[in-house]
Amino acid sequence: MKKESVLSRTWMVVLVAFICSLLWGSAFSGVKIGYERFGTDASDWASQMVFAGVRFAIAGLMAIAFGSISSKKILVPSKQAVPKVLIISLFQTILQYFFYYIGLAHTSGVKAAVIVAANVFTAILISSLIYRIEKLTLRKIIGCMIGFSGIILINLGGLKNGTEFSLFGDGFIFLCTVASGFSSVIMKRYSASENPVMLSGWQFFFGGLVMWLIGAVFGGSIGYVNTGSAAVLLYLSFVSAAAYTLWAMLLKHNPVSKVAVFGFMNPVCGVVISGIVLKESDMFGINAVIALVLVCIGIYVVNRNNTEKGE
């Protein structure tokens with residue numbers, strides 16, 4: 001009988017997923033600070049792509065270095081693993097962030113945050129209805145709806161400013177969530193036979209190079225480089241390398257729904273950390289507290305009595 005991994009235990013999933021949410025949540029304010037330090041304009045999507053490309057390429061090198069040191073050998077994808085790395089990179093890094101940066105230039109940050117949170121739904125639906133690697137149950141649907149209501153609540157003020165649909169804005173952000181959902185499920189499948197750290201590192205490195213090239217072709221540049229801006233870039237690279245690698249390891253040992261639902265924590269952590277780091281006190285109040293409670297309830301409902309075969 002195969003021994004259960006410690007990463008399959010609920011308390012460990014909660015701990016590691018929360019660490020990932022804290023890291024990703026800090027990236028919201030980190031990117032804002034990075035744009036300021038590098039002198040990148042909010043509407044300059046090409047330079048943002050270059051910035052993201054450099055960030056992810058460095059993140060890939062960090063993950064590869066960590067994995068190589070821990071396994072005492074250089075992590076190089078085998079001939080069979082190369083197509084898997086490219087496919088994950090296509091969905092996780094290239095398509096997801098291409099649609100995200102273009103979409104963000106054509107919609108509000110608040111609407112983008114709400115739509116991006118829907119990646120929890122897309123990951124579970126893709127896992128259940130397309131790849132059929134787990135069951136879609138009423139409990140999972142209800143839990144996701146409760147968690148998603150928390151995301152809407154925390155962004156309610158911004159949503160009042162306008163709900164008109166924009167194809168290149170809201171539509172592209174939605175395509176970003178679809179790419180994210182596919183990447184989670186594909187990582188779950190491929191990590192069953194491949195080292196998730198190797199997959200994470202090399203997909204980031206390849207995807208980062210592609211994003212950098214796209215941004216550079218359209219006239220983007222990295223901006224002002226100094227000690228402060230370089231430190232922010234390295235931190236954001238660490239966030240991507242550490243969080244996604246840990247997330248991939250959780251996906252390897254757990255159903256997609258059990259892990260994906262913690263994605264609702266990301267924007268909540270982002271609001272709280274932004275309130276502290278960027279002094280955006282207007283974003284942190286009773287709504288954030290209630291949203292956090294709803295997200296936690298949603299996570300509990302999805303994972304409660306998660307003992308059915310295939311869940």
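Every chain is numbered on its own, with residues counted from 1 as its sequence reads. For this predicted model, a pLDDT threshold of at least 70 governs which residues receive local features, and a threshold of 80 or more governs which side-chain atom pairs are given and counted, while totals over whole chains, interfaces and linings are taken from all residues. Values shown for side chains rest on all heavy atoms present in the structure; no hydrogens or waters enter the calculation.

**Let's talk about the state of the cysteines**
Then, number 1: The disulfide criterion used throughout: a pair of cysteine sulfur atoms within 2.5 Å. All chains considered together, the criterion is met by zero disulfides.
Then, number 2: Cysteine C296 is unpaired, with the sulfur of C269 as its nearest cysteine sulfur at 9.2 Å.
Then, number 3: Burial classes: relative accessible area under 20% of the type maximum marks a residue as buried, over 50% as exposed, and values in between as partly exposed (1.4 Å probe, protein chains only). Classification of C296 by relative accessible area gives partly exposed; the value is 40%.

**A look at helix α2 (residues 45–71)**
Then, number 1: If you check α2, its first and last C-alpha atoms are 38 Å apart, about what 27 residues at 1.5 Å a residue would give, namely 39 Å.
Then, number 2: Where helices and strands are cited, they refer to DSSP runs of H or I of at least four residues and of E of at least two residues respectively, numbered from the N terminus. Where α2 terminates, the next one or two residues include K72, which has phi positive at roughly 60°. Here the expected length of a helix is defined as 1.5 Å per residue gap, with one fewer gap than residues.

**Points about unusual backbone geometry**
The phi angle of most residues is negative, glycine excepted, and most peptide bonds adopt the trans form.
Then, number 1: For K72, which is not glycine, the phi torsion reads 60° and is therefore positive.
Then, number 2: A residue is classified by how much of its surface remains accessible, and K72, at 77% relative accessible area, is exposed.
Then, number 3: Phi at R132 takes a positive value of approximately 50°, unusual for a residue other than glycine.
Then, number 4: With respect to the helices, strands and loops of the structure, R132 is situated in the loop between α5 (119–130) and α6 (138–154).

**Topic: the packing of aromatic side chains**
Then, number 1: What counts as a ring pair is set by centres within 6.5 Å for rings of Phe, Tyr and Trp (its six-membered ring), and what kind of pair is set by the plane angle: stacked under 30 degrees, edge-to-face over 60, tilted for all other angles. A full pass over the atoms with the stated rule returns 16 aromatic pairs.
Then, number 2: Ring geometry for F38 versus F51: centroids 5.4 Å apart, planes at 70°, classification edge-to-face. Of this pair, F38 sits in helix α1 (residues 10–38) while F51 sits in helix α2, and the two are 13 residues apart along the sequence. One exposure class covers both F38 and F51, and it is buried.
Then, number 3: Seen from their ring centres, F99 and F172 are 5.1 Å apart, and the 85° between their planes marks the pair as edge-to-face.

**As for the environment of I297**
Then, number 1: Topologically, I297 is positioned in helix α13 (residues 286–303).
Then, number 2: In sequence terms I297 and C144 are 153 residues apart; their C-alpha atoms lie 9.5 Å from each other.

**Details of helix α8 (residues 167–190)**
Then, number 1: Across its 24 residues, α8 extends 32 Å between first and last C-alpha, which sits within 8% of the 34 Å expected from 1.5 Å per residue.
Then, number 2: Most of α8 sits inside the fold, with 17 of its 24 residues counted as buried.

**Description of the packing of α2 against helix α3 (residues 82–104)**
Then, number 1: Axis angles are defined between N-to-C directions and span 0 to 180 degrees, where every axis is a line fitted to C-alpha atoms and, for a helix, only to the segment in contact. Axis separation between α2 and α3 bottoms out at 10 Å; the angle between their running directions is 150°. As far as their axial angle goes, α3 and α2 are roughly antiparallel. Where α2 crosses over α3, the handedness of that crossing is right-handed. Note on element contacts: α3 touches α2 through T93, Y97, F98, Y101 and I102, opposite W45, Q48, M49, A52 and F56.
Then, number 2: In the scheme used here, Gly and all other residues not listed as nonpolar or charged are polar, with Ala, Val, Leu, Ile, Met, Phe, Trp, Tyr, Cys and Pro taken as nonpolar and Asp, Glu, Lys and Arg as charged. Partitioned by chemical class, the residues of the contact of α2 with α3 number eight nonpolar, two polar and no charged. Should an angle fall under 35 degrees it is called roughly parallel, over 145 degrees roughly antiparallel, and 65 to 115 degrees roughly perpendicular, with every other angle called oblique. A crossing counts as left-handed when the near helix is turned anticlockwise from the far one by less than a right angle, and as right-handed when that turn is clockwise. Contact between two residues is taken to exist if any of their heavy atoms lie within 4.5 Å; hydrogens are not considered.

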